Each structure stands twice: as C-alpha cells, then as structure tokens.
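Given next are the chains, with one letter for each unit.
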Amino acid sequence: MNPLLDLSPEVAAALADQRPVVALESTIISHGMPWPQNAETALAVEAEVRAHGAVPATVAVIDGRLKAGLSREQIERLGRSGGEVAKVSRRDMGLLVARGGTGATTVAATMIVAALAGIRVFATGGIGGVHRGAETSFDISADLQELARTPVAVVCAGAKSILDLRLTLEYLETHGVPVLGYRTRRLPAFFTRDSGLDLDAQLDEPADLARVMKAQWALGFTGGIVVANPIPAEHALPTEAVDRAIEQALADAQAQGLSGKAVTPFLLARVNALTGGVSLAGNIQLVLNNARLAARVAVAYSALSCASACDRAS
Ligand code: PSU
Ligand code: MN
C-alpha cells in the first residue's frame, strides 16, 4: 500500500475481502454543483452504491494525505468550500501532498488514487475532454491522458458539450481507450442521451462490461475504460435549452480570457446558473444512475475475479 494513502476502515475491509468497491470523485462536489445539493448528492450517491452491493470510496486529498473513503464531515467540508478548495489533477498532487494541503480530486486524480488502492471501478457525472477551440488553446483535459494510462473503468454520462465531443472521441481512440456504450450505440452528452456520435460497442449487461475490463487488463494493457451511460430518458433535458446555455457560457469564458484549470469550473458554474434548477436535477439523477451501474459492474467484476482465482486454485 502506498504510504501516502489512507483507506477508510470500511473501504479497507472491503478491499481486503475482495468485495466490490466503487471510487467516487470530489471535484464534482466542490466545483460541479452548488452547496448544499453537492454534499447531499455525494452522500446519496454513496447510499446508492451501497444499495447495489458495493462499498463507496469517495476520494480527495485531505491535509496532504490521499484518502479513499471520506467521512460525512469531510464531504461537507468540500461541499461548503465550493470553488475555494483546490481542484487537484495529476500535476497538482505532488505539490499538494508536499504542502500538506487539501483538495478535491478530478477524474484523473481520482483514477490515480483508485489504482493505488486497487479499486477498478469509478463512477462520476461527466469526464473532462478536448475543449472546443483546442486547436488554438491546446486545452485538453488531463482526464484523457489518465484514461490512457491508469487501469480504472470510469462510468459516466459521456461529457458535457462544453467540450468538442467529436475530438474527445478521436483523442480517446488515438490513445487506445475503449468507450463502451451501456445499452446505447451513441455517445451520450451528459444532459442529453445522444450526442449524435457513434460508438463502436454497445454492451447491455454489467457482466458484459466486467468481461471487457477483465480481457483488457488480461492483455496487459495499463489504461482505463470509459463506460458511457446515458441520463435516464425521464430526466434528460431539452437539447435546445442546453445548447443555448452552453453557447452563452462559452462566450462568457472567452470574454473573460480564461485559461488552464479555471476553464472547466467556470463553464460548469455558468451552465448551472443559466439553466437553473432543471439542469441540477438532471445532473443529480445522472450521477445516481452512474453510481448504480458502477456498483453493478463492480459486483460483476468481483464475481469474475473470484471465479478465475478459484479456477486457478482448483
Ligand atoms: N464535467 C462535469 N462535471 C465536473 C467535471 C467535469 O460535467 O464536475 C470536473 C471533473 O472533476 C473532471 C474535471 O475531471 O472537471 C475536468 O477538469 P479539466 O477540464 O480542467 O481537466
Ligand atoms: Mn483544461
């Protein structure tokens, strides 16, 4: 075990017994949603994971320590601090640990901690990606590079179309990251079920997803997998309303001349503000939906791993 990493007792016990565990990120708490819905959602997501047979491990950096499994107080601290707490991706981790600081982990940093802990499944809302205009800004989320190198399956509702979703898929293809549609052949676009972009693979059962994970890592590949799980139809938002808010948010970001790690949190907050309660409700529902699927995938993956360990033993 990495000496910088602390597992909560519940997560440690589950991993020791090879029971299913699902990692959860914390930038979605600090930068993805407003207080108090952010902390309420994080706790509801943990409950959803438990209700479907897995142990939740919410990840953050607290006082210079990597944490897999947070207390309610720690989740509320991240929720209340909102955008004031550091947003931690791969390049920020060493610095924060050295300073003994506290921060919320992005998809990339959460994958790193999950892999250190031995957790193979991770649920979130949306991943980062290639930003629109990346050909001049070079703004490509470190989440994509992490997916290329770290062996964790990330269950998400695709990505928000604040990004260039077509280029995001191209980038993932170049880096050998499978994007598996759960009961869909199209990349979902977070608030909406269909970005119009085709995927190569549709898988209809958690066990099918677990078998791909197992095969991928049995091949010796070190990278991750994207599981794209569309927002439930009854919670999807009207495409036009989302598109309008996103165009406005992008224009506002450009007017402010933002760059670097500030871009995504600004766009997320702006889209939330422009679409109001409707998008927040959809956002909460899609995260719960991803937590549910991730728990089922973790259960199926544990069963497979146990079965093959038992094969070897006999
Ligand atoms: N997209 C969302 N909600 C989020 C994020 C992205 O719809 O909360 C967060 C995730 O933590 C993701 C991060 O890993 O933003 C990506 O930031 P950047 O684009 O700066 O890599
Ligand atoms: Mn960026």
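To start, this report covers the structure provided alongside it. Note that this is a predicted model, so its numbers are computed, not measured.

What counts, and at which threshold
- Residues numbered from 1 in each chain as written.
- Chains lettered and ligands numbered in written order.
- Predicted model: local features only at pLDDT ≥ 70, side-chain atom pairs only at ≥ 80, totals over all residues.
- Heavy atoms only, no water.
- Core = buried A, V, L, I, M, F, W, Y, C linked by side-chain atoms within 4.5 Å.
- Buried < 20%, exposed > 50% of the residue type's maximum accessible area, 1.4 Å probe, protein only.
- Contact = heavy atoms within 4.5 Å.
- Helix = DSSP H or I, 4+ residues; strand = E, 2+ residues; numbered from the N terminus.
- Polar contact = N/O pair within 3.5 Å; in protein donor to acceptor, adjacent residues only side chain to side chain.
- Phe/Tyr/Trp six-rings, centres within 6.5 Å; stacked < 30°, edge-to-face > 60°.
- Lys NZ or Arg CZ within 6 Å of the ring centre and 35° of its normal.
- Pairing = 2+ DSSP bridges.

**Comments concerning the nonpolar core**
The biggest cluster of nonpolar side chains holds 102 residues, and the ones touching the most others in it are Val22, Ile127, Leu147, Val179, Leu209, Met213 and Val226. In this structure Val22 touches Val49, Ala54, Val55, Pro56, Ala57, Ile119, Val121, Phe122, Ala123, Ala294, Ala295 and Ala298, once residues within four positions along its chain are discounted.

**Section: the side chain of Asn229**
With respect to the secondary-structure elements, Asn229 resides in the loop between β11 (225-228) and α11 (239-256). The exposure class assigned to Asn229 is buried, which follows from its relative accessible area of 5%. Engagement of the side chain of Asn229 in a polar contact is seen with the backbone oxygen of Asn289, the distance being 3.4 Å. Polar side-chain contacts of Asn229 include one of 3.0 Å to the side chain of Asn290. Apart from residues lying up to four places away in sequence, Asn229 is in contact with Val155, Cys156, Ala157, Tyr182, Pro188, Asn289, Asn290 and Leu293.

**So, the packing of aromatic side chains**
Aromatic rings considered in pairs are described by the distance between their centres and by the relative angle of their planes. A full pass over the atoms with the stated rule returns 2 aromatic pairs. Here the aromatic rings of Phe190 and Phe191 are separated by 4.8 Å at their centres, their planes lie at 90 degrees, and the arrangement is edge-to-face. For the pair Phe190 and Phe191, a shared accessibility class is recorded, and that class is buried. Taking the centre distance of 6.0 Å and the plane angle of 85 degrees together, the rings of Trp217 and Tyr301 count as edge-to-face. Here Trp217 is found in helix α10 (residues 206-218), whereas its partner Tyr301 is found in helix α13 (residues 277-313), with 84 residues between them in sequence. Per residue, the accessibility class of Trp217 equals that of Tyr301, and both read buried. The residue whose ring lies beneath Lys160 is Phe190, and the NZ or CZ to ring-centre distance is 4.0 Å.

**Some remarks on the pairing of strand β4 (residues 65-68)**
In this sheet, β4 lies alongside strand β1 (residues 5-7) in parallel orientation, the contact comprising 3 bridges. Across the sheet, the residue bridging to Asp6 is Lys67, located in β4. Looking at chain direction, strand β3 (residues 55-62) and β4 are connected through 4 bridges and run antiparallel. Bridge pairing in β4 links Val61 to Leu66. The hairpin turn running from β3 into β4, its antiparallel successor, is 2 residues long, and Asp63 in that turn takes a positive phi close to 50 degrees.

Distances and angles like these do not, on their own, reveal function.
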